[in-house]
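So the chains spell out like this:
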Amino acid sequence: MFAMPLLGWSMLSAGAYPVTMSNGFTLPAIAPHNATLYAILRSAHTWLALLLFAVVLMHLAAALFHAWVRRDGVFVSMARGKDLGA
């Protein structure tokens, strides 16, 4: 999650696209302007986004597995914050 914004910022820097905030502040470039580097960083940014999405989906699937299949109270403890160990 921390790498995604840094990869995006460096990707835009390599592509010579300015990163401007909503208040008008422009971030400095953190990567040299290079088309090859831009392509590599864009690919890395895409794959990392897909990996993050897959992790979120797997986490959701595991939570639903605990709720609907195992019925072991793990989902209840996550949803309500109830401590099962004490």
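Please refer to the structure higher up on the page.
Definitions and limits used
- Residues numbered from 1 in each chain as written.
- Predicted model: local features only at pLDDT ≥ 70, side-chain atom pairs only at ≥ 80, totals over all residues.
- Heavy atoms only, no water.
- Core = buried A, V, L, I, M, F, W, Y, C linked by side-chain atoms within 4.5 Å.
- Buried < 20%, exposed > 50% of the residue type's maximum accessible area, 1.4 Å probe, protein only.
- Helix = DSSP H or I, 4+ residues; strand = E, 2+ residues; numbered from the N terminus.
- Contact = heavy atoms within 4.5 Å.
- Expected span 1.5 Å × (residues − 1).

A. Quick peek at the nonpolar core. Within the largest apolar cluster, six residues are counted, these being Leu7, Met11, Ala14, Ala31, Tyr38 and Leu41. Elements that contribute at least two residues to this core include exactly helix 1 (3–14) and helix 2 (35–70). Considering each element in turn, this core owes the most residues, three residues, to helix 1. Dropping the residues within four chain positions of it, tyrosine 38 is found in contact with Met11, Ala14, Gly15 and Tyr17.

B. Quick peek at helix 1. For helix 1, which comprises 12 residues, the first-to-last C-alpha distance of 16 Å matches the rise-based estimate of 16 Å (1.5 Å per residue) to within 8%. Check the buried side of helix 1 and you find it contacts helix 2. At the C-terminal side of helix 1, alanine 16 shows a positive phi close to 65°.

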